[in-house]
Amino acid sequence: MPTPTERQAERQTFSRRRLLADQTAATVDNSLSSSRNGEVVLGDLRLNLDTLQVTLGGRSLKLTVQEFDLLVVLARSAGKPLSQAELAQHLWHEVTPERIRHLSVLVARLRSKLADSKFYKLRTLRKRGYGLMLPPINRIEELKLAKDGLDVLDDILRYASTGAPIDSDDIERMKWYGVFYRKQTPGFFMLRLRIPNGILTSQQMTEIGSLSNQFGRGKIDITTRQNIQLRWVRIHDVPQIFESLRRVGLEYRQSGMDNVRNITGCPMAGLDPDELMDASPIAGAIQDVIVGRKEFSNLPRKFNISVSGCRHDCATSQIHDLSLTPAVKDGRAGFNVMVGGMGGEDADFARDLDVFVEPEKAAALCIGVIELFRDKGDREDRRRSRLRWLRETLGLETFRAELQARAGTLERAGTSQIERFAGDHLGVSPQKQPGLSSVGCLVPVGRVQGDDLLEFSRLAETYGSGELRLTNNQNILIVNVPEECLAALLKEPLLQKYSPQPSAWMRRTVSCTGQDYCQFALLDTKGSAMEFAHRMDELLPRETAVRVHWSGCQRGCGQHHIGDIGLQAARRRVGDEVVDAADIFLGGRMGQDPRLAVPVLEAVPLDELPQRVAELLRDTNDQDALPSA
Ligand code: HEM
Ligand code: SF4
């Protein structure tokens, strides 16, 4: 308990603190910090000027009154050191040797309390005094601190209305609104949506098709995150597109850069007769919490989540930063939690966190993991910023303990209900709802026209309930089709183009964007993938599908590391010519005993590729390279 004298001192300092706070609020909106509703935010440091509470990385920090005062002054000029005299003047209105000595003691104490900050270090700068300085960080961290991605909306509207040249940092920030400049299409943008669990109404799909026809040459890609990317969009048209998307309840914010990306799940969620539960509402609930909120708009790196109640793991849980998979504990249905999976050059599988969570608590638990990542993830080296690296740095037990400190007591894992890794959901599949079926249609390599989306919507309304689903393999399902309508639906011309019964080599072919729109691509992956599949169908006809994954470069967006056959674009010199080629990987798989595909042949020219793959499969007789079902 404070003594009466301390209380009086506290009262006396209050008005001065309020003044400092007001000055801070007025001036702290410099490029490094922001002040809102009596709260100053500097990266992971938050100072509440009314309650005098300070948190660092979400944890409460105990400061004395004088330390608080000093921190407020330093926050006010974050990034710019203040001399000892200036600081003494601010704090005590006098500069004496005694005050300077006192100041250095205060600084030492404050420095050790702030030592954990990922953003700011309280540094002594020779001859210049003390400052809350940013350690050397990468360009993306700097531009996020200078202006939050969510604050770029007014600029987007300004660029759209004036046609003014776009600032290079704003080009990056526009990705917070799903607007991606594409060097391959100078003057045009890609617009990425958010579609939780890939579930769409026919009204939404009609809007997407119409917008693409009107503003984007009718060119659309369906992605492996059950998402949609519109092409050839002009900045001038972006505000109108935003407005139209909002009208039909479609979200596009935070779909790129250091955000939680579209949340995926089983495309048959709520329909699959065999599922443990319908987990799709959880994907929507998480999205509702994070989108539009600055607490979640500056993560160290991208963050992929999958939530699935399906026993076949078609949501590829093992290559997500965070995944919830179906589990049972003491007779209760819920989820086990896995963390730290990722694809790409540093691909690794997610690890079991030994946590069980009930469906009602699942969204909150995911938010806890996101906050832990936000506050503790690496922000210096972007190659080591994904959750995988935090998991490795902390170790699973400490990770679990840190999460528990935020999310409350965690239960140990339940019994996993995943039976196998499979599920492309193409063709006619009976649903759990009696008399209803889903019809899954192959969209070759995910590329579709605006007009075709309009037709998909019409078919969903005519034969189904108007609902559609996008899959993790870049395809479309029409769902809730009564038995008596199936025959007529299957005869529709659109289903001859987007077949429910594609060939074995086409059926599970997945490809990244490739040269049309991606500056990193070494070749037209989508075109090459289609041609390869057609040639393999002739050369090595099969009954069962082969998972063939194509990536246009080592970044691995086409998930070549998990394909039965993975193909990564390459170049090869043949005589005087440099020809398109691919590195061949074999044997990637998920589920129990997951394995990354291993490289077996380098830079095989594309025209030799079918023959070489056929030989490899015959020679090695490697059954692991091909699925058994
Ligand atoms: C530094 C690493 C990476 C960079 C620079 C990068 C960049 C890109 C680019 C430029 C695109 C094309 C966007 C477009 O379609 O216009 C793309 C697409 C995509 N990337 Fe990456 N990427 C990286 C790593 C990854 C990884 C590791 C994954 C997950 C395995 C991934 C998943 C995706 C997905 C799902 C798409 C959409 C393509 C599709 O599904 O059709 N990316 N990425
Ligand atoms: S894998 Fe490479 S080429 Fe393909 S989309 Fe990703 S970055 Fe582009």
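Note that the structure is a prediction, hence the values are computed from the model and not measured. (Residues numbered from 1 in each chain as written. Chains lettered and ligands numbered in written order. Predicted model: local features only at pLDDT ≥ 70, side-chain atom pairs only at ≥ 80, totals over all residues. Heavy atoms only, no water.)

What to know about the pattern of salt bridges
Move 1: Enumeration according to the criterion identifies 51 salt bridges in this entry.
Move 2: Between Arg-173 and Asp-170 there is a salt bridge whose closest N-O contact spans 2.6 Å. Separated by three residues within a single helix, Arg-173 and Asp-170 lie in helix H7 (residues 168-173), roughly one turn from each other.
Move 3: Overall, Asp-170 belongs to the buried group, its relative accessible area being 4%.
Move 4: Two residues, Asp-348 and Arg-391, come together in a salt bridge whose shortest N-O distance is 2.9 Å. In this pair, Asp-348 sits in the loop between strand S15 (332-339) and strand S16 (351-357) while Arg-391 sits in helix H12 (residues 387-394), placing the two residues 43 residues apart along the sequence. For the residue pair Asp-348 and Arg-391, the accessibility class agrees, reading buried in each case.
Move 5: When salt bridges with common partners are traced through the structure, they connect Lys-329, Asp-330, Arg-332, Glu-358, Lys-361 and Glu-411 into a single cluster. (Salt bridge = Lys/Arg side-chain N within 4 Å of Asp/Glu carboxyl O. Helix = DSSP H or I, 4+ residues; strand = E, 2+ residues; numbered from the N terminus. Buried < 20%, exposed > 50% of the residue type's maximum accessible area, 1.4 Å probe, protein only.)

Quick look at the domain arrangement of the chain
Move 1: By domain assignment, the chain separates into domain 1 (43-133), domain 2 (280-416) and domain 3 (507-620).
Move 2: Computed over C-alpha atoms only, the centres of domain 1 and domain 3 are separated by 56 Å. (Domains from an automatic or database assignment.)

A word on the site of ligand 1
Move 1: Neighbouring ligand 1 are 20 residues, the closest being Arg-182, Gln-229, Arg-231, Thr-513 and Cys-557.
Move 2: Backbone polar atom of Thr-224 to an oxygen atom of ligand 1: 2.9 Å apart, as the coordinates give it.
Move 3: Within the side chain of Arg-231, one N or O atom sits 2.7 Å away from an oxygen atom of ligand 1.
Move 4: For the shell around ligand 1, a count of residues per class yields four nonpolar, nine polar and seven charged.
Move 5: Here the shell around ligand 1 spans two domains, since at least three of its residues come from each of domain 2 (280-416) and domain 3 (507-620). (Near = heavy atom within 4 Å. Polar contact = N/O pair within 3.5 Å; in protein donor to acceptor, adjacent residues only side chain to side chain. Nonpolar A, V, L, I, M, F, W, Y, C, P; charged D, E, K, R; others polar.)

Notes on the environment of Gly-187
Move 1: Mapped onto the fold, Gly-187 is located in the loop between strand S8 (179-181) and strand S9 (189-192).
Move 2: We classify Gly-187 as partly exposed; its relative accessible area is 40%.
Move 3: Along the backbone, Gly-187 and Lys-118 are 69 residues apart, and their C-alpha atoms lie at a distance of 37 Å.
Move 4: In contact with Gly-187, other than residues within four places in its own chain, are Tyr-181 and Val-233. (Contact = heavy atoms within 4.5 Å.)

Examining the packing of aromatic side chains
Move 1: Tallied over the full model, the rule gives nine aromatic pairs.
Move 2: When the ring of Tyr-177 is compared with that of Phe-242, the centres are 6.3 Å apart and the planes differ by 40°; the resulting orientation is tilted. Highlighted residues: Tyr-177 in the loop between H7 and S8 and Phe-242 in helix H9 (residues 238-247), separated in sequence by 65 residues. Both residues of the pair, Tyr-177 and Phe-242, count as buried.
Move 3: Ring geometry for Tyr-181 and Phe-189: centres 5.2 Å apart, planes at 65°, overall edge-to-face.
Move 4: Aromatic ring contacts, followed pair by pair, group Tyr-177, Phe-242 and Tyr-252 into a single cluster.
Move 5: A cation over a ring is seen here: Arg-158 above Tyr-159, with NZ or CZ 4.7 Å from the ring centre.
Move 6: Across the ring face of Trp-232, the terminal group of Arg-217 is positioned such that the distance to the ring centre comes to 3.5 Å. (Phe/Tyr/Trp six-rings, centres within 6.5 Å; stacked < 30°, edge-to-face > 60°. Lys NZ or Arg CZ within 6 Å of the ring centre and 35° of its normal.)

Considerations on H9
Because the α-helix completes a turn every 3.6 residues, residues three or four places apart line up on one side.
Move 1: Considered for burial, the residues of H9 that qualify are Val-238, Ile-241, Phe-242, Ser-244 and Leu-245. The buried residues of H9 occupy an angular sector of 165° when projected down its axis, which confines them to one face.
Move 2: In the segment just after H9, Gly-249 is the residue with positive phi, at about 75°. (Arc of directions from axis to C-beta.)

Re the sheet that holds strand S10 (residues 199-201)
Move 1: Read from one edge to the other, the open sheet built from five strands follows the order S10-S21-S22-S19-S18, with strand pairing classed as antiparallel. Pairing within the sheet leaves two strands with one partner each, and these edge strands are S10 and strand S18 (427-430). Across the sheet, the mean angle from the axis of one strand to that of its neighbour is 30°, orientation sign disregarded.
Move 2: One ladder, built from four bridges, connects S18 with strand S19 (residues 436-441); its direction is antiparallel. (Pairing = 2+ DSSP bridges. Axes fitted to C-alpha atoms, helices over the stretch in contact; angles between N-to-C directions.)

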